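Working through the structure, step by step
Okay, here's what each chain looks like letter by letter:
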Amino acid sequence: MAHKRKISVGGTAVALLLFVLTGCATHAAPTPTSQPTAQFIIETLPPPPTYTASPTATRTETPSATPNTPTDTETPPPTPTPSPVSVWLAPEVPVEFNDAFRKLVTAGGFVWGDEASAGVKFAAAPVNTPPDQIAATWLYAPVVAFPTIAENVNLADIKAYWKGNGAALASLTPKGSMPTFVVAPLVLRWLTSWLGAPAPNITVQVVPPDGVAGSIWKLRAAGTAAWSIVPFQSLDPSEKVLTLDGANVLSPGLVAYPLEQSFTLSGAYRETTAAMLKRLGNFPTTNHDPAKLTVLVMTGTTALTRATAYQMEQTGITLPARDILPFLSDASIVHTSNEVAFTADCPYPNPLYQVTGMTFCSRETYFDLLKAIHLNVVESTGNHVNDWGKPAFAHTLDLYDAAGIANFGGGRDAEHARAAAIVHDHANTIAFIGCNPVGPAYAWATDSSPGSAQCDDVFLAKEIPRLKSVANIVIMTLQYQEYYTYNAPDDQVAFFRKYADMGADVVFGSQAHHPQGFAFVNGKFIHYGTGNLFFDQMDDIETRQMFADKLIVYDGKHISTTLFTGLNEDYSRPRPMTASERAGFLATVFAASGW
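Below: a short report on this structure. (Residues numbered from 1 in each chain as written. Predicted model: local features only at pLDDT ≥ 70, side-chain atom pairs only at ≥ 80, totals over all residues. Heavy atoms only, no water.)

1. A word on the overall build of the protein
Each helix and strand counted, the protein has 15 helices and 32 strands in total. Out of the 595 residues in the protein, the part that is buried amounts to 57%. Total accessible area computed for the protein in this model is approximately 23100 Å², and 55% of it derives from carbon and sulfur atoms. (Helix = DSSP H or I, 4+ residues; strand = E, 2+ residues; numbered from the N terminus. Buried < 20%, exposed > 50% of the residue type's maximum accessible area, 1.4 Å probe, protein only. Areas by Shrake-Rupley, 256 points an atom, 1.4 Å probe, with all protein chains shown as cover.)

Structure (structure tokens):
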């Protein structure tokens with residue numbers, strides 16, 4: 001039976017479709033950081049009676065290496081139809097404009113011409129072009145391989161490198177040597193039109209657009225550092241995006257950015273052409289449209305109990321959120337795996353493990369911490385969800401519903417527990433599905449009682465492809481065996497990889513109290529474990545360390561991941577690592593990942 005109601009998340013009206021199947025000394029609290037308006041619909045869908053996986057169309061672009069030569073993938077084919085107005089596209093014009101101009105010519109009144117005689121030209125705009133003449137704006141990002149410690153590069157250093165000063169970008173390579181520049185043909189043409197030809201002592205490797213990331217990694221494996229500049233929409237999740245003069249191109253609130261190129265229409269027929277392009281549609285005005293940009297943060301274990309709960313009682317219920325809120329501030333979707341049920345009869349916490357043991361509960365007032373981080377997607381695969389009894393977990397599901405928080409990986413019965421949560425946000429559709437393969441048995445949902453979802457690979461082998469047919473991104477989360485190692489053992493690697501092979505775009509380990517490494521499998525992103533978000537394991541540095549993964553989804557694709565690296569303080573509060581702590585931690589985890 002389906003229940004539909006309208007709720008409010010972060011001040012924004014959200015339609016929540018929740019399908020429930022029959023059978024299953026105080027301190028001032030931190031001021032919540034302002035959140036971007038989250039225009040999304042949350043669905044929790046039961047599995048359908050049949051599964052038909054529709055193939056997902058994949059767009060590939062291979063620009064021609066010859067400037068202004070019309071091809072099916074770079075510049076439109078010429079037409080012999082005579083026309084009073086000829087149009088010319090400069091060699092550096094991005095391939096995404098081809099369809100619009102091809103449509104213009106096909107509609108009549110325009111033909112392809114050359115630069116000298118064209119009545120209208122479309123090209124990179126010169127500096128200080130009046131705003132009313134700018135037809136489109138394109139952003140480009142400097143990138144390196146994902147397991148790189150460097151965080152930022154300066155435009156002045158890029159220009160110095162281009163002129164032959166290899167030391168200018170030495171920070172991008174651990175050996176301090178001159179990195180190889182890997183670039184697609186159209187980007188090289190654009191850079192050349194802007195900066196001139198690269199100095200002869202620079203090693204430039206020209207590859208197809210879809211070969212940039214792979215070439216950077218291949219060079220890295222051979223001991224050669226490499227970097228690139230790529231159009232924003234062409235980013236690959238295996239690349240690390242560097243901030244540029246401190247500006248982050250991944251930010252939906254980006255105001256100014258150094259590698260921003262405007263393109264203009266010029267010539268006697270500029271206004272006529274612009275009006276015609278607008279009427280025909282299909283003309284992209286930017287490759288960085290906030291309306292197509294989803295920022296999703298995936299975090300690890302939350303357990304508001306024991307010493308964590310005691311600290312919250314002593315210092316403020318929402319104080320644990322204080323230092324991670326800046327990282328979450330631009331996210332429209334925030335996830336965590338909450339392992340402990342909320343209940344009215346949960347006693348006042350005792351921080352001593354010997355007294356409280358391993359039977360967990362959370363007081364209802366602690367729900368304010370989830371609200372403080374603007375949580376709107378919660379995972380219930382944890383092995384402690386039923387510790388305080390199944391009625392307490394059922395009550396917790398009611399609290400999620402009332403707060404407009406989408407739940408997955410656990411539910412009111414086995415069928416509900418294994419159903420995916422589907423979120424529509426900023427023109428992207430993301431499906432979340434999760435399961436618990438390790439138990440204990442009392443944590444699992446049954447046909448008639450609540451709990452976490454037990455893994456069923458026969459079901460998932462059909463359900464993941466089905467979800468991929470209705471969602472842009474499928475995220476599979478797992479409450480796997482808890483290993484206290486940075487590297488994922490062979491059994492964990494094999495278990496996670498099979499879900500990537502089934503079609504999941506992201507496979508995420510929610511079980512880890514000790515952070516673990518990463519993998520990329522056929523373009524799929526795997527993080528074996530992030531560590532704790534809010535939990536009291538302070539005995540060892542490894543369980544104090546943690547990640548939060550900021551996934552950037554643009555126009556239906558996962559294009560990048562930014563890592564928050566934190567250290568747990570006061571048994572409850574993750575704070576950002578210092579630069580030296582972060583560098584050492586990343587180096588350790590990247591090495592454990594086999595990189």
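2. Thoughts on helix H12 (residues 457–470)
Quick reminder: α-helices carry 3.6 residues per turn. Residues three or four places apart thus point the same way. For H12, built from 14 residues, the straight-helix expectation of 20 Å at 1.5 Å per residue is met to within 8% by its first-to-last C-alpha distance of 20 Å. Taken residue by residue, H12 has Phe-459, Leu-460, Glu-463, Ile-464, Pro-465, Arg-466, Leu-467 and Lys-468 as its buried positions. In this structure, the buried side of H12 is in contact with strand S22 (420–425), strand S23 (428–435), strand S25 (473–478) and helix H13 (490–502). Regarding H12, its N-cap is Asp-456, as a side-chain oxygen of that residue lies 3.2 Å from the backbone nitrogen of Val-458 further along. (Expected span 1.5 Å × (residues − 1). Contact = heavy atoms within 4.5 Å. Polar contact = N/O pair within 3.5 Å; in protein donor to acceptor, adjacent residues only side chain to side chain.)

3. Focus: the packing of aromatic side chains
Summed over the entire model, instances satisfying the criterion amount to 40 aromatic pairs. Judged by centre distance (6.1 Å) and plane angle (65°), the ring pair of Phe-146 and Phe-525 falls under edge-to-face. Highlighted residues: Phe-146 in the loop between strand S7 (134–145) and strand S8 (152–153) and Phe-525 in strand S28 (residues 524–527), separated in sequence by 379 residues. The same class applies to Phe-146 and to Phe-525, which are both buried. Taken together through their ring pairs, the aromatic side chains of Phe-146, Trp-217, Phe-518, Phe-520, Phe-525, Phe-547, Phe-585, Phe-590 and Trp-595 make up a single cluster. Of note, Arg-418 hangs over the ring of Phe-459, and the distance from its end group to the ring centre comes to 3.8 Å. The ring of Phe-327 is capped by Lys-550, whose NZ or CZ atom sits 4.1 Å from the centre of that ring. (Phe/Tyr/Trp six-rings, centres within 6.5 Å; stacked < 30°, edge-to-face > 60°. Lys NZ or Arg CZ within 6 Å of the ring centre and 35° of its normal.)

4. Side note on the pattern of salt bridges
Within the structure shown, the criterion is met by 20 salt bridges. A salt bridge links Glu-313 to Arg-363, with the shortest nitrogen-to-oxygen separation between them at 2.8 Å. Separated by 50 residues along the polypeptide, Glu-313 in helix H6 (residues 306–315) and Arg-363 in strand S18 (residues 362–363) bring together distant segments of the chain. Arg-363 sits in the partly exposed class, given a relative accessible area of 26%. Ionic pairing is found between Arg-497 and Asp-501, a salt bridge with its closest N-O pair at 3.9 Å. Here Asp-501 and Arg-497 lie together in helix H13, a separation of four residues that amounts to about one turn. Looking at Asp-501, the relative accessible area reads 49%, which means it is partly exposed. (Salt bridge = Lys/Arg side-chain N within 4 Å of Asp/Glu carboxyl O.)

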